[in-house]
Amino acid sequence: MPYTKTEVDIHEDYTVEAVDPAWLAQGVKSPKHLMLDPDNCILCRACEDVCPWNCIYMMSPGIVTGAAEHAVGDEVDNATAVFVVDDNACTRCSVCVDRCPTDTLYYARLPEGSKGGQRTMAEVPASQAEGV
Ligand code: SF4
Ligand code: SF4
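Let me begin by describing the structure that accompanies this report. Quick caveat: nothing in here was measured; it's all calculated off a predicted structure. (Residues numbered from 1 in each chain as written. Chains lettered and ligands numbered in written order. Predicted model: local features only at pLDDT ≥ 70, side-chain atom pairs only at ≥ 80, totals over all residues. Heavy atoms only, no water.)

## Observations regarding the site of ligand 1
The environment of ligand 1 is made up of 13 residues, and the closest members are Cys51, Cys90, Thr91, Cys93 and Cys96. A breakdown of the residues in the shell around ligand 1 according to their chemical character gives 10 nonpolar, two polar and one charged. (Near = heavy atom within 4 Å. Nonpolar A, V, L, I, M, F, W, Y, C, P; charged D, E, K, R; others polar.)

Given below as structure tokens:
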């Protein structure tokens, strides 16, 4: 079919305005955050590997036992791995959620009072390391 050019109205009454960065940050990011159900994790590291922004890390508990944040150190005693996500960098693109073979990753709202930023998502129990 031949291409037919259509008339386009050129508007001259549009005023370009700066977008409020705070509104933009809210508008493009889901209010939900990346979460992890540790009991299903098979420690394949696919999520860490696939993240385009390098903001999800699987760490050995030994790395964080000396953390300045005592609550983090106390939680990892019986863990095989600790997931940390840089929530400021995470764009909620879902690539890691889609890639996870065990539906371990999901989105949810953080508990009341919790902040984003860099945060521990979950500790994978030692029993999950069996057979890895
Ligand atoms: S949602 Fe996207 S940006 Fe966030 S951790 Fe997963 S892959 Fe990375
Ligand atoms: S969360 Fe999913 S993709 Fe990431 S290591 Fe665990 S099983 Fe693999």
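## Here's the deal with the pairing of strand 1 (residues 33-36)
Here strand 1 shows a buried face lined by His33 and Met35 and a second buried face lined by Leu34 and Leu36. Two elements, strand 1 and strand 4 (residues 105-108), share four bridges in a ladder whose sense is antiparallel. Its bridge partner being in strand 4, leucine 36 is matched across the sheet by leucine 105. (Buried < 20%, exposed > 50% of the residue type's maximum accessible area, 1.4 Å probe, protein only. Helix = DSSP H or I, 4+ residues; strand = E, 2+ residues; numbered from the N terminus. Pairing = 2+ DSSP bridges.)

## Quick word on the site of ligand 2
The environment of ligand 2 is formed by 14 residues, the closest being Cys41, Cys44, Arg45, Cys47 and Cys100. Residue composition of the shell around ligand 2, grouped by class: 11 nonpolar, two polar and one charged.

## Regarding the environment of asparagine 54
Mapped onto the fold, asparagine 54 is located in the loop between helix 2 (46-50) and strand 2 (56-59). Residues asparagine 54 and aspartate 86, spaced 32 residues apart in sequence, show a C-alpha to C-alpha distance of 8.6 Å.

## Points about the side chain of arginine 92
Note that arginine 92 resides in the loop between strand 3 (79-86) and helix 5 (95-99). A polar side-chain atom of arginine 92 sits 3.4 Å from the main-chain carbonyl oxygen of aspartate 87. Not counting residues up to four positions away in its chain, the partners in contact with arginine 92 are Lys29, Ser30, Lys32, His33, Asp87 and Tyr107. (Polar contact = N/O pair within 3.5 Å; in protein donor to acceptor, adjacent residues only side chain to side chain. Contact = heavy atoms within 4.5 Å.)

## A look at unusual backbone geometry
Phi is positive for leucine 43, close to 60 degrees, though the residue is something other than glycine. Mapped onto the elements of the fold, leucine 43 is located in the loop between strand 1 and helix 2. Taking the relative accessible area as the measure of exposure, leucine 43 reaches 11% and is therefore buried. If you check the backbone angles, arginine 92 has positive phi at about 60 degrees while not being a glycine.

This is a description of form; function is not addressed.
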